[in-house]
Amino acid sequence: MKAITRTVTKTLIGLCLVGQFNAYAMDLRVDNVRLYQHDSQGFSAPSSLYIDDGKIVNITKGPSAKQQADKTFNANNQFALPGLIDLHVHLGSSGSNFTEFQYLPVKSHFNANLYLGVTNIVDLFSFQQTLDEAAKLKATQTTPNLFYAGTLFTNPGGHGTQFGGSVYEISNDSDIDALWQKHMATSPHLTKAVIETFGGKGNSLTDSQLAELGKRSKAAGLPYFIHVSTLADGKRAIKAGATALAHGINSEAIDDEFIALMKQNKVTYIPTLAVYYNHSDEKHNHALSSQTELLKPVPNKLQGCLFEKVPEPSKWKEHSWQTRSIAYANIQQLQQAGVVIGTGSDAGNPYTLHGLGLHNEIDALKTAGLTNAQIIDAATINGAHAINQSNNIGQLAIGFEASFILLEQNPIEDINAIHSISQVYKSGEQVNREKLLSENAKIEPQGPACNQTAQSTKAQQSIDDFNGQSPWQGLTGAVMGGQSSVELTSNKHSLTINTTVAKPTNFGAWAGAEIKYAQPVDASAFSGVRITYKGSTVPFALAIYHSDVKDWDNFSVLAKPSEQWRTIDIPFTEFKQFGFGNTVTWSAQKITGFNVMWRKMPGAAEGVLSNTVEIKEFSYY
């Protein structure tokens, strides 16, 4: 109660007793600072900013009498922006390639964000370990404001389940009540649900399930973010009560119905452009590695992993890169229609780094055609609106949190000025940016050495003799939203693989089994692969994993079904890539595993395909 009384008293002094400035000293006074004004989309005349208990309690202009403060600072006519807001991050990931995953603690990500002026972040898929780590840091040091959704809601086997951990999978409407209680028990700041049909071909949460989550979120006063990718999914999300779209419509043009729905329902559009384009932009233009100042908080090892040998982006990423004009045109239409645009980076994904990712998104919005003032609003006041924080952050006004960045150049004239930050203040305290860099330099990413050519071990003739513990693991398209399934049975001298291949998504559908090696083997002493098997009703694929293949376009052949035991010798020269991925030069010195697979290509019949095959010999010859 004393703390509350003190705060009220000091605020009243700051607001009302202008004639008695010497009655009480504020914590901080910043003189000669130009404050960003959302209403005029410009900067004020040089002003004095009064801060107490982390809040802005008064603003005066011109040479008027100054109220006393414990600390004063002359900004020398620098330009102040509210602390930036990233509406889409994943603190559990570092931005590394998933094939050479590097783990960094939350401290590293918090430091990077603060150094780059991002004082507010929204984690849209939070593991409890991450939230616990963040809470401990908040108690001991200055951190960005963290708003989190906790666990996300998705359909069984849907998007989000591939990352492990606990995900709220809704099979039936009746599941929602118990899952919602778990959600609320984590004290979330918002709700996150997923619509991901992989181009309209896979299953997702139903309209009734989405609407029920929307109703409960509204009743609880929680913003409702829905992950979307297609125009149809976007419309479904809005009709279900979404208050924000996590990701934009990037591969197809929006229409009048979508624009009307966005406006009528006051939905925030968060396009997350950078996460789609960063990898290709680095490969083609060295766009990230050239940003020396913005990369300062990123540990050297992680930079090396990302930039020393940039892998070829997958074909779908290249397609997105080549058709980015569609995404830009959609943003322009929405902005012109008065739809609220927010900034979210999806930081944590490959080539989308914490802190830097938001600056990349700012650049992408500039390329999309937004004015500099519109971009500033997207990263400040619009972000605050999206997470129900319009009365606390996103503006430099009396009663708001005193978190801001100082710039020597005017970002209205050149948005690049936002990348050259002079100082950062968080809740009225100056952030020691050099200390943040020093701390991050001491944090070593945990993960394998990157960009190294693994030394191959000599391959043994037998790949599996089926006389011991089975090295095989099931593999299905569930990771990409599919509903296929597999069951493996180890027999005394063989392995039985039962598969059910369901409706294909835009990535097709598949089910089978695989062997993966920890490091490559050199089978160049052999001519090919020998396999003895029986079963199946249709041809199935036998594939060799190659260390240079990063996009699942493996070297494969088709094996014919057989009612009787059949032994076939397949020369290495017959194994070919499908062609949907990047072309790799074959080498028997770089084998990293095998799979046996039944699949349907995108657009194939939706009927279920079931097959059983038994294998009793698998070797090189």
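Residues numbered from 1 in each chain as written. Predicted model: local features only at pLDDT ≥ 70, side-chain atom pairs only at ≥ 80, totals over all residues. Heavy atoms only, no water.

(A) Structural detail: the sheet that holds strand β8 (residues 145–148). Ordered in space as β6-β7-β8, the three strands form an open sheet in which the pairing is parallel. Every other strand in the sheet has two partners, leaving β6 (84–89) and β8 as the edge strands with one partner each. Neighbouring strand axes in the sheet, compared pairwise and without regard to direction, differ in orientation by 20 degrees on average. Sheet strands touched by helix α2 (residues 106–115): β7 (118–123) and β8. Its angle to β7, the strand with the most contacts, is close to 135 degrees. Its contacts with the sheet place helix α12 (residues 356–367) against β6 and β7, and it is angled at close to 100 degrees to β6. (Pairing = 2+ DSSP bridges. Helix = DSSP H or I, 4+ residues; strand = E, 2+ residues; numbered from the N terminus. Axes fitted to C-alpha atoms, helices over the stretch in contact; angles between N-to-C directions. Contact = heavy atoms within 4.5 Å.)

(B) Spatial organisation of the state of the cysteines. Applying the stated criterion across every chain yields a total of one disulfide. There is a disulfide in this structure between cysteine 305 and cysteine 450, and the S-S distance comes to 2.0 Å. Residues cysteine 305 and cysteine 450 share a disulfide whose torsion about the S-S bond is about 80 degrees; that sign makes it right-handed. Of the two residues, cysteine 305 sits in helix α9 (residues 300–307) while cysteine 450 sits in the loop between α15 (433–441) and β18 (457–458), which places them 145 residues apart along the sequence. Residue cysteine 305 shares its accessibility class with cysteine 450, and that shared class is buried. (Disulfide = S-S within 2.5 Å. Buried < 20%, exposed > 50% of the residue type's maximum accessible area, 1.4 Å probe, protein only.)

(C) Main features of the pairing of strand β11 (residues 191–194). Every second residue of β11 is oriented toward a common face, with Thr191 and Ala193 on one face and Lys192 and Val194 on the other, all of them buried. Both β11 and strand β12 (residues 224–227) contribute to a ladder of four bridges, which runs parallel. Each residue of the ladder has a partner; that of lysine 192, found in β12, is phenylalanine 225.

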